[in-house]
Amino acid sequence: MTDAPATELIDETTHNRFVYRVDGEDVGVADYQRTPGVIHIVHTEVDAHRRGAGVGGDMVRAILDRIRDESSDSVGADCPFVRSWLDDHPDYLGLEAR
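Reading guide: rules and limits
- Residues numbered from 1 in each chain as written.
- Predicted model: local features only at pLDDT ≥ 70, side-chain atom pairs only at ≥ 80, totals over all residues.
- Heavy atoms only, no water.
- Helix = DSSP H or I, 4+ residues; strand = E, 2+ residues; numbered from the N terminus.
- Expected span 1.5 Å × (residues − 1).
- Buried < 20%, exposed > 50% of the residue type's maximum accessible area, 1.4 Å probe, protein only.
- Contact = heavy atoms within 4.5 Å.
- Pairing = 2+ DSSP bridges.
- Axes fitted to C-alpha atoms, helices over the stretch in contact; angles between N-to-C directions.
- Parallel < 35°, antiparallel > 145°, perpendicular 65-115°, else oblique.
- Nonpolar A, V, L, I, M, F, W, Y, C, P; charged D, E, K, R; others polar.
- Phe/Tyr/Trp six-rings, centres within 6.5 Å; stacked < 30°, edge-to-face > 60°.

Undergrad: Would you take a moment to explain helix α1 (residues 55–70) for this structure?
TA: Along an α-helix, residues three or four apart share an orientation, since each turn contains 3.6 residues. For α1, with 16 residues, the first-to-last C-alpha span of 22 Å sits near the 22 Å given by 1.5 Å per residue. Here α1 has its buried residues at V55, G56, G57, M59, V60, I63, L64 and I67. In this fold, the buried residues of α1 make contact with β1 (7–12), β2 (17–22), β3 (25–35), β4 (38–46), β5 (74–77) and α2 (80–88).

Shown next, in the form of structure tokens:
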């Protein structure tokens, strides 16, 4: 039995971005902009050697869980990847800004 990788989501507020780490390595980033009551996720990127392994989806899920659990803000899915992920996960659509 193998252990699941350790993941961490860091909110770098001074840079308006979330950094996603797996086993201590920065593997993804999501840039955002805040407006009153909404966190607009405007761009996501995963390191090339991690693409296709589900890291992007794991990162988006971690970001949305953090927003849902730690704030009353809605999410603006301005990034096409986040938009697509939300379309595939209707249980998260309640977070979306209208």
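Undergrad: I would appreciate a short explanation of unusual backbone geometry in the present structure.
TA: In most cases, non-glycine residues show a negative phi, while peptide bonds are predominantly trans. Phi angles above zero are rare outside glycine, and N16 is one such case at about 50°. As for its placement among the helices and strands, N16 is situated in the loop between β1 and β2. Using a relative accessible area of 34% as the deciding quantity, one classes N16 as partly exposed. The residue D23 is not glycine, and still its phi comes out positive at about 50°. Among the structural elements, D23 can be located in the loop between β2 and β3.

Undergrad: What is the right way to read the pairing of β1 from this model?
TA: Each regular strand shows side chains that alternate between the opposite faces of the sheet. Looking at chain direction, β1 and β2 are connected through six bridges and run antiparallel. Residue pairing in the sheet places D11 in a bridge with F18 of β2. In this structure, the hairpin formed by β1 and β2 is closed by a connection of four residues, where N16 is found at a positive phi of approximately 50°.

Undergrad: Honestly, the packing of α1 against α2 in this entry has me stumped. Any pointers?
TA: The relative placement of two packed helices is expressed as an angle between their axes plus a distance between the axes. Their axes nearest at 11 Å, the elements α1 and α2 cross at an angle of 80°. It follows from the interaxial angle that α1 and α2 lie roughly perpendicular. Contacts between α1 and α2 involve G56, G57, V60, R61 and L64 from the former and F81, V82, W85 and L86 from the latter. Residues that form the contact of α1 with α2 fall into these classes: six nonpolar, two polar and one charged.

Undergrad: How should I be thinking about the packing of aromatic side chains in this particular structure?
TA: Each aromatic ring pair is described using two quantities: the centre-to-centre distance and the angle formed by the ring planes. Taken as a whole and assessed by the stated rule, the structure comprises two aromatic pairs. A ring pair is formed by F18 and Y32, whose centres lie 5.0 Å apart and whose planes are at 45°; its orientation type is tilted. Placement of F18 in strand β2 and of Y32 in strand β3 is noted, with a sequence separation of 14 residues between them. With centroids separated by 5.1 Å and ring planes inclined at 70°, the aromatic side chains of W85 and Y92 adopt a geometry described as edge-to-face. Each member of the pair, W85 as well as Y92, is classed as buried.

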